[in-house]
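Listed below are the residues making up each chain.
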Amino acid sequence: MNRKKLVALSLAMGAFAAGAQAADFSDTSISYRYGSKFAEPFNGQDISKNIIALTHVSGYKYGTNFFNLDFLMSDKKDPVSLTQTSGAQEAYLVYRNTIDIGRLRGEDIKFGPFKALGLQLGFDVNTKNDVGYNSRKRMLVAGPMLSWDVPGRLNTGILILEESNAPSGAFPPISGVKARYTYKTHAAFSVDFGFPIASLPLSFEGYGLVIAPKGKDEVGADTATETHFDVSLMYDFGGTMGLPKNSLKAGLEYEYWKNKFGNKASIAGPGSFAKTPMVRVEYHF
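Here's the deal with the overall build of the chain
Item 1. When you go through the chain residue by residue, the secondary structure sums to 3 helices and 13 strands.
Item 2. Per-residue burial for the chain yields a buried fraction of 45% across its 285 residues.
Item 3. The long-range share in the chain, meaning contacts at least 24 apart out of those at least 6 apart in sequence, stands at 58%.
Item 4. With an accessible surface of roughly 14600 Å², the chain has 63% of that area assigned to carbon and sulfur atoms.

Considering the pairing of strand S13 (residues 273–284)
Item 1. Burial along S13 is one-sided: Ala274, Thr276, Met278, Arg280, Glu282 and His284 are buried, while Phe273, Lys275, Pro277, Val279, Val281 and Tyr283, pointing the other way, are not.
Item 2. Summarising the sheet, strand S12 (residues 248–258) and S13 pair through 11 bridges and their orientation is antiparallel. Within S13, the position partnered with Gly251 by the bridge is Arg280.

Describing unusual backbone geometry
Item 1. With phi around 65°, Asn246 is a residue other than glycine that occupies positive phi space.
Item 2. Relative to the helices and strands, Asn246 resides in the loop between strand S11 (226–236) and S12.
Item 3. Residue classification places Asn246 among the partly exposed positions, given a relative accessible area of 33%.
Item 4. Even without being glycine, Phe261 reaches a positive phi, approximately 60°.
Item 5. Within the secondary structure layout, Phe261 lies in the loop between S12 and helix H3 (265–268).

Considerations on the layout of surface pockets
Item 1. By volume, the second largest pocket is sized at about 700 Å³.
Item 2. What lines the second largest pocket is a set of 34 residues, and nearest its centre among them are Pro41, Phe42, Tyr133, Phe261 and Asn263.
Item 3. Counting only elements with at least two residues in the lining of the second largest pocket, the list comes to strand S4 (89–100), strand S5 (114–128) and strand S7 (153–165).

Description of the packing of aromatic side chains
Item 1. This model, assessed by the stated rule, comprises 10 aromatic pairs.
Item 2. For the pair Phe111 and Phe114, a centre-to-centre distance of 5.2 Å together with 55° between the ring planes defines the contact as tilted.
Item 3. Residues Tyr256 and Phe273 carry aromatic rings whose centres are separated by 5.2 Å and whose planes lie at 85° to one another, so their mutual orientation is edge-to-face. With Tyr256 in strand S12 and Phe273 in strand S13, this pair connects stretches of sequence that are 17 residues apart.
Item 4. When its relative accessible area of 29% is taken as the criterion, Phe273 is described as partly exposed.
Item 5. Three or more aromatic residues joined by ring pairs form one cluster here, namely Phe111, Phe114 and Trp148.
Item 6. Cation over ring: Lys214 sits above Tyr183, and NZ or CZ is 4.5 Å from the ring centre.
Item 7. Directly above the ring of Phe273 sits Lys275, whose terminal nitrogen or CZ lies 4.7 Å from the centroid.

A word on the side chain of Glu282
Item 1. With respect to the helices and strands, the residue Glu282 is situated in strand S13.
Item 2. The buried category is assigned to Glu282, whose relative accessible area is 4%.
Item 3. There is a polar contact of 2.8 Å between the side chain of Glu282 and the side chain of Arg280.
Item 4. Excluding residues within four positions of it along the chain, Glu282 makes contact with Ile30, Ser31, Glu205, Met234, Ser247, Leu248 and Lys249.

So, the pairing of strand S3 (residues 63–74)
Walk down a regular strand and you will see the side chains alternate between the two sheet faces.
Item 1. As paired elements, strand S2 (residues 43–60) and S3 share 12 bridges and run antiparallel to each other. The residue bridging Ala53 from the neighbouring strand is Asp70, located in S3.
Item 2. By the bridge criterion, 11 bridges tie S3 to S4 in an arrangement that is antiparallel. Residue pairing across strands places Thr64 opposite Thr98, the latter belonging to S4.

Let's talk about a nonpolar patch on the surface
Item 1. Side chains of Ile30, Tyr32, Tyr34, Ile52, Leu54, Leu69, Phe71, Leu252, Val279, Tyr283 and Phe285 sit close together on the surface and give an oily, nonpolar patch of about 980 Å² of accessible area.
Item 2. Of all elements in the fold, only strand S1 (23–40), S2, S3 and S13 reach the threshold of two or more residues within the nonpolar patch.
Item 3. Take the nonpolar patch: its biggest share by element is 3 residues, from S1.
Item 4. In this fold, Leu252 is placed in strand S12.
Item 5. With a relative accessible area of 58%, Leu252 lands in the exposed category.

Quick notes on the side chain of Gln120
Item 1. If you trace the backbone, Gln120 turns up in strand S5.
Item 2. Residue Gln120 is classed as buried on the basis of its relative accessible area, which comes to 8%.
Item 3. Here Thr98 takes part through its side chain, which lies 3.0 Å from a polar atom of the side chain of Gln120.
Item 4. When near neighbours in sequence (up to four residues on either side) are disregarded, Gln120 contacts Arg96, Asn97, Thr98, Val141, Ala142, Gly143, Met145 and Leu159.

What counts and how
Residues numbered from 1 in each chain as written. Predicted model: local features only at pLDDT ≥ 70, side-chain atom pairs only at ≥ 80, totals over all residues. Heavy atoms only, no water. Helix = DSSP H or I, 4+ residues; strand = E, 2+ residues; numbered from the N terminus. Buried < 20%, exposed > 50% of the residue type's maximum accessible area, 1.4 Å probe, protein only. Contact = heavy atoms within 4.5 Å. Areas by Shrake-Rupley, 256 points an atom, 1.4 Å probe, with all protein chains shown as cover. Pairing = 2+ DSSP bridges. 1 Å grid on protein atoms, 1.4 Å probe; cavity = no way out; pocket = protein on both sides within 12 Å on 5 of 7 lines; lining within 4 Å. Points joined across faces, edges and corners; volume = space filled by probe spheres on them. Phe/Tyr/Trp six-rings, centres within 6.5 Å; stacked < 30°, edge-to-face > 60°. Lys NZ or Arg CZ within 6 Å of the ring centre and 35° of its normal. Polar contact = N/O pair within 3.5 Å; in protein donor to acceptor, adjacent residues only side chain to side chain. Patch = residues over 30% accessible without salt bridge, like charges linked within 9 Å, V, L, I, M, F, W, Y side chains within 5 Å. Salt bridge = Lys/Arg side-chain N within 4 Å of Asp/Glu carboxyl O.

Following this line, the structure appears as structure tokens:
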């Protein structure tokens, strides 16, 4: 890891440590979701996945922390190997720290429809044991974020991404495949939101990313603009079951993912485009 990457990661982790020591608010949840229309590049079949996630959001004096760990379990259509029928397993970790510039300078930054200006730092890490690719993704993230003055939550930002991978599967057939491959530094537009629906115990939540092409992939093919949106309509069962508000939610989720991981359909086939309905349950504590 070069000096620039080390500094960025140190800043993110330092901010996380500061936030953990003085949380203004904190919400931790465990969730489960299931869908049967997942897709993977170079795999033309619909894949079923069970996903368990641990999510944590907290606020501190100078901003917010977000942590999410997904454990994804595929069915046999996304196998571990050509000789086994068990499905692949993946762990995907996301961490984001958003520093509120106004709080840092001691005066809120509000203008037009915006209530805050932030700097987001973070990283993604994953590992997967599928037959074809065996992803070992590492990605650093940094960029400005704007918080909108609306009921609920709406944040948008422009991020700079520096991504690398060290696949160890049969595909792609790269010489020296165990070496880590770094893509071209690229930009992304980010949005995350959560809106209450009138006075009903319903909420509309989600996130989205539009990611610019990241240059050539490991085998020299051009990557494409990646569009990834995930939205859910959730019902709060807390009040009807004698539990605290927003402690138990269930609902429907939908994921739209075009040119997944930057793969073009002309090269990676129909598995590069996922349109996945899911059911979702989450418990907050």
